[in-house]
Amino acid sequence: MIIEDMQKQRIEWKRKGWSIPELRGSKQAWFSIVVELIELIGNGNISDLSITPTLNSVNSAYPWRSYASFLKGVGLVNNRSGVLSLSDTGFNFLNNPSKEQLAFLLHDNYRLFGEVLCLLDSSPKTIEEVDKELCMSYYLDWANLSNTRRRMDWLEVLDIIQAVGNRKWSLSETGKDALNKWLFVTPEVVEANPNETEILSISPPPASINELLTKLKDDPSLHIKRNTYNVWVPSPNRIENLRTIVRFSEEKVSRSDLFKFVEDEFNLKTSSVESMMPFLKADGLLEEVGRNIYVATTAAKEWLESGSDLDFIRIIHSHKRFVGEMIIAAEQVVTRNDVYSQAKKYGLNTEKARWIMGFLLEAGLLEETQYLHVKATPLGLKLASELPLMDEVISDESSAYLTEAVEADEEKTKSEIDYEWLSTSARDPLANGKAAGVMFEEAIASVFCDMGFDAKRIGGSGNTDVVVRWKDEEGKMITAIVDGKSKSNGTVTHGDISDVAIETHKEKNNADYVAIVGPGFSGDTIKNHARKKGFALITDAELIEVAQNARKLGLSLTEIATLFKVPNGIMQLNDIITTRKRENDIITLVISTFRQEQNAMDSLSARDLYFLLRHTELSPSLEELINAFDILSKDEVGVLTQIKKASATENITYSLHGEKYCINKLRSLANAIEKGL
């Protein structure tokens, strides 16, 4: 049923979102998953989103936080301070769960869901034909079928459309009924859309937040003091997670208590919480009011009271560059990379800009119009019009430093982009508009190349997806073949693997190892079978973590290649990584101890440090300290200089000497080697 009043259509169009959140699990089980989740929440609010619910409809469930976005997006639940409770709509669904009702909720919350029915009313169509008509009618520039496919997957699951052969779909009887009941938006409303920022009204900022913005407006020179700190927050629902952390700090809290709360709440390591602190303080959310005593800022408390994500954005805009400015940069549809390029003019690298973009998307100020494309929402443009904004040209002395910092991060940024593509394409077979699985295979090859392997995507019929080669410590060439399995439901099952094909590919490439890389592996059948056949099962997250540690820790190819071994390759590699991290931590501890004690003791031995450090958290053994001394005193490093010989190695004394020179020497050598590659 078409809405006759164009103004009502505009309002209908404006209030709906673009991207239907992912619901993890097999497509065939989607409806059952939703019903079970709503029943569980109906039995009692969910306060710990890290817990995994027990579901009868799937073999392997995910933590509550993985389902929260979808349930909230369709209006079934409320998420307040990380606690899930049923909305009024959720209670109605609980009392009478039906596919038709869930289909209506999707139509009521997301653009171009029900409008697909209008296109199928005239004649059956393929997904490609529906996508083409949607893009043409509603002036879209979607690069691939993923947006249309997700809509039609849901329409199929909820029995609104049905397959009629030749890959075509038509309306079911339920779909024909929905066509007569639902309200639809015509393409004309998109073409004739006025300046929506003029008809939007948003609440003014609270007093302290308004004061921050007023100072910035009255004194534009303060823009240069807005920081470019790294951002890291537990995902998903990052704004909500920050709200939880700030609420815990409404009253004064010790550093140890705050760290313990965040570690327990989000299942994080201390190092991860540590990495959050500069951002929390620099962006005006926490302040240190005594030695290791923290409390939420006045502005942050106002945000808690208002509950508005806009106030959160106002706070970080007041303290961090390229927040409101990013909204303006995306006034028209732009690619993410275009926005990242613009960020560099403000002194931010891609990684930092990506985090800011994530906040703006969560707050509804940006939207993804298609894969890797964003556009400011009317709400975003309205907010940006009220914010004091910074010129993109940085004119003070920090400009050169910031430019160097951005350039220094470029190689890291390339790796981060590879990781993002790997993660995205693992769950989107048609990522980047390429044929099924191609982007995933290319990303796998790129990540292995980044670690130093000779890796090539082969693909095509009759051969493996990726071939990875390297020389072992004896100079022998080793080969592994990698089969990439990109799955939109996030799970690879036993039925997705062809033993015959893999064995053929292994023989064809004379491979020593076989690995299957995918977003996740469901059930014991595939795991037991892979163990029996000698196939290593590696998730995209595991591969990314290995690549990150390979870069940080300088792992050799032989060490990295442990992940191909069956059955415990990943576990063995994790042990190697843990050991290497401990070695680095001990080296850090040795250097810091020399800095503290050398003036008083002139020179130190491994045995001296053993007694000094035996009650520390690391508590290194004498053998570990001797090893650290050996590394630091080698000619190639030379940061420790031998002072007094002794018959026992642990009694040889050293002094710390020329540490800055050694750092610069090693960095220069590394850069020279890297340039030659």
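Here we summarise the structure given alongside this text. (Residues numbered from 1 in each chain as written. Predicted model: local features only at pLDDT ≥ 70, side-chain atom pairs only at ≥ 80, totals over all residues. Heavy atoms only, no water.)

**Let's talk about the pattern of salt bridges**
Here comes step 1: The full count for this structure, using the stated rule, is 32 salt bridges.
Here comes step 2: Each of Lys27, Asp153 and Glu156 takes part in salt bridges that share partners, so that together they form one network. (Salt bridge = Lys/Arg side-chain N within 4 Å of Asp/Glu carboxyl O.)

**Quick look at the packing of helix H2 (residues 30-42) against helix H8 (residues 146-157)**
Here comes step 1: Contact geometry for H2 and H8: axes closest at 9 Å, N-to-C directions at 75°. With respect to H8, the element H2 is oriented roughly perpendicular. Contact residues: Trp30, Phe31 and Val34 in H2; Asp153, Trp154 and Val157 in H8. (Axes fitted to C-alpha atoms, helices over the stretch in contact; angles between N-to-C directions. Helix = DSSP H or I, 4+ residues; strand = E, 2+ residues; numbered from the N terminus. Parallel < 35°, antiparallel > 145°, perpendicular 65-115°, else oblique. Contact = heavy atoms within 4.5 Å.)

**Some words on the packing of aromatic side chains**
Here comes step 1: Counted by the stated rule, this structure contains 19 aromatic pairs.
Here comes step 2: Centre to centre, the rings of Phe104 and Trp182 are 6.3 Å apart; their planes meet at 55°, and the pair counts as tilted. One end of the pair, Phe104, is in helix H5 (residues 99-109); the other, Trp182, is in the loop between helix H9 (173-181) and helix H10 (188-191), with 78 residues separating them in the sequence.
Here comes step 3: On the basis of relative accessible area, Phe104 is assigned to the partly exposed category, the value being 36%.
Here comes step 4: The exposure class assigned to Trp182 is buried, which follows from its relative accessible area of 4%.
Here comes step 5: Three or more aromatic residues joined by ring pairs make a cluster, and in this case those are Phe448, Phe453, Trp470, Tyr513 and Phe564. (Phe/Tyr/Trp six-rings, centres within 6.5 Å; stacked < 30°, edge-to-face > 60°. Buried < 20%, exposed > 50% of the residue type's maximum accessible area, 1.4 Å probe, protein only.)

**Quick notes on the sheet that holds strand S19 (residues 653-656)**
Here comes step 1: With respect to topology, three strands assemble into an open sheet ordered S17-S19-S18, the strand pairing being antiparallel. Edge positions in the sheet fall to strand S17 (604-605) and strand S18 (640-644), since each has one partner strand and no second.
Here comes step 2: The sheet contact formed by S18 and S19 spans four bridges and is antiparallel. Opposite Gln642, over in S19, you have Tyr654 as the bridge partner. (Pairing = 2+ DSSP bridges.)

**Regarding the side chain of Lys485**
Here comes step 1: Structurally, Lys485 can be placed in the loop between strand S14 (477-484) and helix H24 (499-508).
Here comes step 2: Separated by 2.9 Å, the side chain of Lys485 and the backbone oxygen of Asp496 make a polar contact.
Here comes step 3: The contact partners of Lys485, leaving out residues within four places of it in the chain, are Ala426, Phe440, Val492, Asp496, Ile516, Val517, Gly518 and Pro519. (Polar contact = N/O pair within 3.5 Å; in protein donor to acceptor, adjacent residues only side chain to side chain.)

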